[in-house]
Amino acid sequence: MVLSAVFKEVLLLSLMGSILALGILAIKAIFRQKLSARLHYYIWFMLVLRLILPIGIQSHISLLNFIPNEQKKLDIIAEQYVPNIISNNTIKTGNTPPKEDSKALADPSIKGAIFNYDTAAVLWIIGVSSALLFILCVNILMMAKLKKCSRCEREDLIEILEAEKSRLKVNSKVEIIYNNYSKSPAVYGVIRPKILIPEELIDKLNPEELRFILSHELAHIRNKDLAVNTLLMFVKAIYWFNPLIWYSLNQIKQDCELACDAAVLNTLKTEEVKKYGQTMINMLRLYSEKRGITGALGFASKSNKRRIIMITRFKKSSAICAVLAVFLTIMVGCSSTIKSVSAGVIPNNNSGTNSSNVNSTPSVDKTSQDQATQSNATQDNTTQDNTTQDNATQDTATQDNTSQASASNNNSAASSSHESIQRKLLASIMQLAKQGKIVNSEFPVKTTVIDEAEKKIGNPDKVDWVPRAKGNYAVFSKYNVVFGFNKGEQIFEARSFDKELNELSLSMVKKAYGTPAYDAKSNGEEIIGYVVSSEYKILLVFPQPSNNNQDPVMDHYSVLYPRGTVNTMAGDPGRQW
């Protein structure tokens with residue numbers, strides 16, 4: 001599901017952004033009085049970039065190295081594979097009757113199955129939509145109110161405005177609008193900025209104080225702060241669930257006001273700096289109760305105490321401290337951007353999970369041989385149910401895999417990065433199999449019915465009843481998957497034909513997963529199987545090794561829920577493999 005994938009990316013960015021936000025807050029606390037107001041503001045832009053740009057750099061140096069291995073595996077799953085599109089004839093299908101209607105045998109656990117990521121993703125998008133709708137409504141109401149407001153025609157005020165525009169080098173066309181909806185001067189509008197001033201305020205301030213106020217608002221326009229403020233509102237809407245991100249974005253707005261004051265103070269004479277601070281104090285005295293405007297930046301704000309302190313201590317920051325603070329911010333920002341190369345690498349030796357899986361399977365005695373014989377018969381009959389055209393497709397696929405394997409043998413000294421990708425894919429296959437899933441599907445066996453899959457990805461290209469496989473098989477060529485389901489429509493087998501699987505050779509799989517619990521050869525194919533858990537098994541299908549192709553690459557694989565093939569009413573014990 002696309003929404004679920006987007007939400008996982010947002011969660012990852014939220015985590016990395018939170019780490020960066022904490023780092024920036026720590027740096028600002030350490031260098032609080034030694035950095036300029038502008039620098040306090042500008043270092044926040046690293047956080048904004050981190051939250052809106054889903055970039056990642058691979059390196060062995062990463063904050064992810066401190067996350068436990070199990071969590072790294074979850075991150076791998078969250079990043080995994082978008083299915084490639086292959087032609088319909090790549091997947092083997094038959095030409096037998098469609099699925100049967102029946103009331104029996106759906107597993108009870110199917111009812112009420114909930115996908116946590118999907119549910120959370122829906123709640124997230126509802127929150128985002130609500131926040132964006134609120135922002136839209138507030139701005140529509142604000143624009144409607146401004147249409148009713150009158151434009152300032154006072155020549156003395158317009159002269160001050162034009163003089164300050166010339167001094168601050170502001171080329172935009174700016175209007176002064178009388179606005180009584182807010183008791184503090186503010187600037188509003190990204191494309192056509194307007195300075196909003198309560199009409200009653202003009203008569204209570206002298207020309208010099210009005211000049212300071214207009215200078216402050218013009219500085220916002222010159223620095224494009226309104227565009228930044230608009231971007232912050234959208235970022236807030238996306239990360240509405242993260243209080244640390246909200247706090248940080250509010251701090252950005254406060255630091256924006258301080259940076260704007262600093263920009264104005266840099267243009268004033270020494271004796272005017274004190275008067276600028278007195279203007280702010282006078283504004284607080286006149287209007288102790290203020291109403292803010294969403295999407296506007298004003299002269300009076302909640303950070304006035306910090307601003308007055310900054311004005312009284314106004315001086316240039318230490319160059320050494322500034323460089324050090326910027327360096328530390330970049331270090332923290334890059335560290336939160338870097339992804340660990342080793343996150344998905346599985347060890348060459350057999351893991352404890354694989355060992356336990358092998359130990360939990362029957363030993364190679366008569367019982368195991370009987371199961372192998374039964375599975376071989378199943379494979380034979382399943383293949384016999386397929387058409388001649390499918391056999392031709394299989395031959396073509398086998399030839400393709402043969403040529404790929406030959407190329408792989410010729411390039412035995414593959415790069416470590418390529419091996420890392422293959423190991424990551426193997427780790428993902430096994431980890432997802434423990435959840436009953438395959439790499440290019442969100443639908444787990446056992447807990448999914450075929451109707452749920454059809455609602456999300458559409459109708460299958462073909463549905464075949466395969467008696468020996470004990471179920472119907474629905475082919476979804478566009479998504480490279482085939483689902484086997486029983487009479488109760490419960491999916492008991494999921495097959496993946498993802499092209500990424502062609503990178504995995506038979507020897508590589510056995511090296512990673514260990515000795516298979518099941519190994520059978522039939523109709524030019526070798527099928528190996530592993531016990532993943534008490535409920536799930538995994539079957540991996542390769543062309544049979546030959547003199548020309550001693551190490552074939554994988555054609556497809558499947559995750560099987562054997563209990564889903566049991567028919568207690570008919571006394572059928574179901575499939576073992």
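Model, not experiment: these values are computed from the prediction.

Chemist: Even after reading the chapter, I still don't get the overall build of the protein chain, so can you show me in this structure?
Modeler: The helix and strand tally for the protein chain stands at 19 helices and 14 strands. For the protein chain, the residues scored as buried account for 49% of the 577 residues in total. Restricting the contact set of the protein chain to residue pairs at least 6 apart, pairs at least 24 apart contribute 72%. Summing over all exposed atoms, the protein chain offers an accessible surface of approximately 28,700 Å²; the carbon and sulfur share of this is 56%.

Chemist: Looking at this model, I keep getting lost on the sheet that holds strand S12 (residues 525-531). Mind explaining?
Modeler: Strand pairing within a sheet occurs via backbone hydrogen bonds; the two strands may be parallel or antiparallel. Pairing in this open sheet of eight strands is antiparallel, and the strands run S7-S8-S9-S10-S14-S13-S12-S11 from one edge to the other. Each having just a single partner strand, strand S7 (462-466) and strand S11 (518-522) make up the two edges of the open sheet. Sheet twist, expressed as the average angle between the axes of neighbouring strands with direction ignored, equals 20 degrees. By the bridge criterion, five bridges tie strand S8 (residues 471-476) to strand S9 (residues 481-485) in an arrangement that is antiparallel.

Chemist: Help me out: how do you make sense of the pairing of strand S14 (residues 556-560) in this one?
Modeler: The side chains of a regular strand alternate between both faces of the sheet. Of all five residues in S14, five are buried, a share of seventy percent or more. Side chains His556, Ser558 and Leu560 of S14 all project onto a buried face; the interleaved residues Tyr557 and Val559 project onto the opposite face, where all are buried too. Pairing of strand S10 (residues 491-496) with S14 involves four bridges; the strand directions are antiparallel. By the bridge assignment, Arg495 is partnered in S14 with Ser558. Pairing analysis gives five bridges linking strand S13 (residues 537-543) to S14, with the strands arranged antiparallel.

Chemist: Got a minute to help me understand the pairing of S12 in this structure?
Modeler: Where burial is concerned, most of S12 is hidden: seven out of the seven residues are buried. Burial along S12 is two-sided: the residues Glu525, Ile527, Gly529 and Val531 and Glu526, Ile528 and Tyr530 are all buried. As paired elements, S11 and S12 share five bridges and run antiparallel to each other. Paired with Ala520 across the bridge in S12 is Ile527. Hairpin connection of S11 to S12: two residues between the antiparallel strands, including Asn523 at a positive phi of 50 degrees. Of the pairings in the sheet, the one linking S12 to S13 comprises seven bridges and is antiparallel in character. Residue pairing across strands places Tyr530 opposite Ile538, the latter belonging to S13. Hairpin connection from S12 to S13: five residues lie between these consecutive antiparallel strands.

Chemist: Just checking my understanding: could you explain the packing of helix H6 (residues 155-168) against helix H8 (residues 207-222) for this structure?
Modeler: When two helices pack together, you describe them by how their axes are tilted relative to each other and by the distance separating the axes. Put simply, H6 and H8 touch, their axes get as near as 9 Å, and they point 45 degrees apart. If you check the angle between H6 and H8, you find them oblique. Along this stretch, H6 crosses H8, giving a crossing that reads as right-handed. Residues Leu157, Ile160, Leu161, Glu164, Lys165, Arg167 and Leu168 of H6 form the contact with H8, whose participating residues are Pro207, Leu210, Arg211, Leu214, Ser215, Leu218, Ala219 and Arg222.

Chemist: Explain the packing of helix H1 (residues 2-30) against helix H3 (residues 45-52) here, please?
Modeler: Two elements in contact, H1 and H3, have axes separated by 9 Å at closest approach and are oriented at 175 degrees. Taken together, the axes of H1 and H3 are roughly antiparallel relative to one another. Residues Leu13, Met16, Gly17, Leu20, Ala21 and Ile24 of H1 touch H3, and the partners they reach there are Met46, Leu47, Arg50 and Leu51. A per-class count over the contact of H1 with H3 returns eight nonpolar, one polar and one charged.

Chemist: What's the story with the nonpolar core in this structure? I'm lost.
Modeler: The nonpolar side chains of a soluble globular protein tend to be buried, and buried together. Among the nonpolar cores identified, the biggest contains 38 residues, and Ile429, Phe483, Val509, Tyr513, Leu540 and Tyr557 are the most heavily contacted of them. At six residues, helix H17 (residues 416-433) tops the list of elements feeding residues into this core. Grouped together as the second largest cluster of nonpolar side chains are 28 residues, Trp124, Val128, Tyr239 and Ile252 included.

Chemist: What is the right way to look at the packing of aromatic side chains in this model?
Modeler: Centre-to-centre distance and the angle between the planes together describe a pair of aromatic rings. Applying the stated criterion across every chain yields a total of 14 aromatic pairs. Taken together, a centroid distance of 6.1 Å and an interplanar angle of 55 degrees make the contact between Tyr42 and Phe45 tilted. Overall, Phe45 belongs to the partly exposed group, its relative accessible area being 30%. Grouped by ring-pair contacts, the aromatic residues Phe7, Trp124, Tyr239, Trp240 and Phe241 constitute a single cluster. Over the ring of Trp246 we find Lys236, and its NZ or CZ is 4.9 Å from the ring centre. Here Lys537 stacks its cationic end above the ring of Trp577, 4.3 Å away from the centre of that ring.

Chemist: Got a minute to help me understand unusual backbone geometry in this structure?
Modeler: Both trends apply: most residues other than glycine have a negative phi, and most peptide bonds are in trans. Phi is positive for Lys169, which is not a glycine, with a value near 60 degrees. With respect to the secondary-structure elements, Lys169 resides in the loop between H6 and strand S2 (175-178). On the basis of relative accessible area, Lys169 is assigned to the exposed category, the value being 69%.

Chemist: Explanation requested: the pattern of salt bridges in the structure shown.
Modeler: Two side chains carrying opposite charge are able to pair once their charged atoms lie near each other. What the rule picks out here adds up to 15 salt bridges. We note a salt bridge from Arg154 to Asp156, for which the minimum N-O separation is 2.7 Å. Exposure remark for Arg154: the relative accessible area of 30% places this residue in the partly exposed category. Sharing partners across several salt bridges, the network here consists of Glu164, Arg167, Arg211 and Glu272.

Chemist: Is there a simple way to explain the confidence of the model for the protein chain in this structure?
Modeler: The predicted structure's coordinates, where accompanied by low pLDDT, should not be read in detail. Taken as a whole, the protein chain shows an average pLDDT of 74; of its residues, 66% reach a score of 70 or greater. Contacts of residues 66-115 to residues separated by more than four positions or lying in other chains number 123 contacts, the stretch itself having pLDDT below 50.

Chemist: Just to check I follow, could you spell out helix H10 (residues 243-265) for this structure?
Modeler: An α-helical segment advances 3.6 residues per turn. Residues three or four places apart therefore align on the same side. For H10, built from 23 residues, the straight-helix expectation of 33 Å at 1.5 Å per residue is met to within 8% by its first-to-last C-alpha distance of 33 Å. Where H10 begins, the capping side chain belongs to Asn242, and its oxygen is found 3.0 Å from the backbone nitrogen of Leu244.

What counts and what doesn't
Residues numbered from 1 in each chain as written. Predicted model: local features only at pLDDT ≥ 70, side-chain atom pairs only at ≥ 80, totals over all residues. Heavy atoms only, no water. Helix = DSSP H or I, 4+ residues; strand = E, 2+ residues; numbered from the N terminus. Buried < 20%, exposed > 50% of the residue type's maximum accessible area, 1.4 Å probe, protein only. Contact = heavy atoms within 4.5 Å. Areas by Shrake-Rupley, 256 points an atom, 1.4 Å probe, with all protein chains shown as cover. Pairing = 2+ DSSP bridges. Axes fitted to C-alpha atoms, helices over the stretch in contact; angles between N-to-C directions. Parallel < 35°, antiparallel > 145°, perpendicular 65-115°, else oblique. Left-handed = near helix turned anticlockwise from the far one by under 90°. Nonpolar A, V, L, I, M, F, W, Y, C, P; charged D, E, K, R; others polar. Core = buried A, V, L, I, M, F, W, Y, C linked by side-chain atoms within 4.5 Å. Phe/Tyr/Trp six-rings, centres within 6.5 Å; stacked < 30°, edge-to-face > 60°. Lys NZ or Arg CZ within 6 Å of the ring centre and 35° of its normal. Salt bridge = Lys/Arg side-chain N within 4 Å of Asp/Glu carboxyl O. pLDDT = per-residue confidence, 0-100. Expected span 1.5 Å × (residues − 1). Polar contact = N/O pair within 3.5 Å; in protein donor to acceptor, adjacent residues only side chain to side chain.

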